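What follows is the residue order along each chain.
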Amino acid sequence: ISLRIFLRICLRICLRICLRVFKGFGKCGRVRVMYRPFWFLSLRSRNKSVLLIHHAGKSGQQRGTSKREDVLDTVITMKRPKGYKEQDGACLEFYFEKNRALLGDEVKAFEARLTSKANKEGIKLHEWTRKSLQDSTYESVCRLANEGLENWEICKELEIHKSTVSRYVKRGKEEGIIKPLNS
């Protein structure tokens, strides 16, 4: 199946879901949402998956009522990493806000980054790489420490606790990743 056909099928499914879940128009053409959780529950009983996508408000939290999450098994929040720059390319942090069927390492926050490399024939290949958010934070602390920032400055920059920074700096020095200043 080609990508174009697959995307058309996905679009049709999404449109059908929107038409069945949300209904009616209010004043000025605004959509009046009539949430239908029983429809999601009926799909779950038939072993069907539903993917709901919505954007966050200015505060970073979901907009509107939290009722829509009541029937969901898993809620995943995607955010850009702190200090993200457009030239870094596609890079997202994934957080599991709610889950019913996942445990342990499966629900640890992680960072996904799209990387591109040219193969031997010069064709550019794209690949998603994944690493735990803890590892990503550790690398950021080491990088900033090597740039000469003090621990309190790293805390402020990455918005993490000072004990986490101290632990990562100590580990970085022990592993030789953080080089002593004036060397």
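Just above sits the structure.
Residues numbered from 1 in each chain as written. Predicted model: local features only at pLDDT ≥ 70, side-chain atom pairs only at ≥ 80, totals over all residues. Heavy atoms only, no water.

Asks: Just checking my understanding: could you explain the nonpolar core for this structure?
Replies: For soluble globular proteins, the rule of thumb is that nonpolar side chains tend to be buried together. Judged by nonpolar contacts, Tyr 138, Val 141, Cys 142, Leu 144, Ala 145, Ile 154, Cys 155, Leu 158, Val 165, Tyr 168, Val 169 and Ile 178 together constitute the single largest core of 12 residues. Going through the elements one at a time, helix H3 (133–146), helix H4 (151–158) and helix H5 (162–174) are the ones with two or more residues in this core. It is H3 that provides the largest number of residues to this core, a total of 5 residues. Among residues more than four places away in sequence, those in contact with Val 169 are Val 141, Asn 151 and Ile 178. (Core = buried A, V, L, I, M, F, W, Y, C linked by side-chain atoms within 4.5 Å. Buried < 20%, exposed > 50% of the residue type's maximum accessible area, 1.4 Å probe, protein only. Helix = DSSP H or I, 4+ residues; strand = E, 2+ residues; numbered from the N terminus. Contact = heavy atoms within 4.5 Å.)

Asks: Even after reading the chapter, I still don't get H5, so can you show me in this structure?
Replies: The periodicity of an α-helix, 3.6 residues per turn, causes residues three or four places apart in sequence to face the same way. Across its 13 residues, H5 extends 18 Å between first and last C-alpha, which sits within 8% of the 18 Å expected from 1.5 Å per residue. Within H5, the full set of buried residues consists of Thr 164, Val 165, Tyr 168, Val 169 and Gly 172. One face of H5 carries all of its buried residues, which in axial projection span an arc of 130°. Across H5 from its buried face, at more than 90 degrees, point the exposed residues Lys 162, Lys 170, Lys 173 and Glu 174. For H5, the elements touching its buried residues are H3 and H4. Directly after H5, the chain includes Gly 176, whose backbone phi takes a positive value near 80°. (Expected span 1.5 Å × (residues − 1). Arc of directions from axis to C-beta.)

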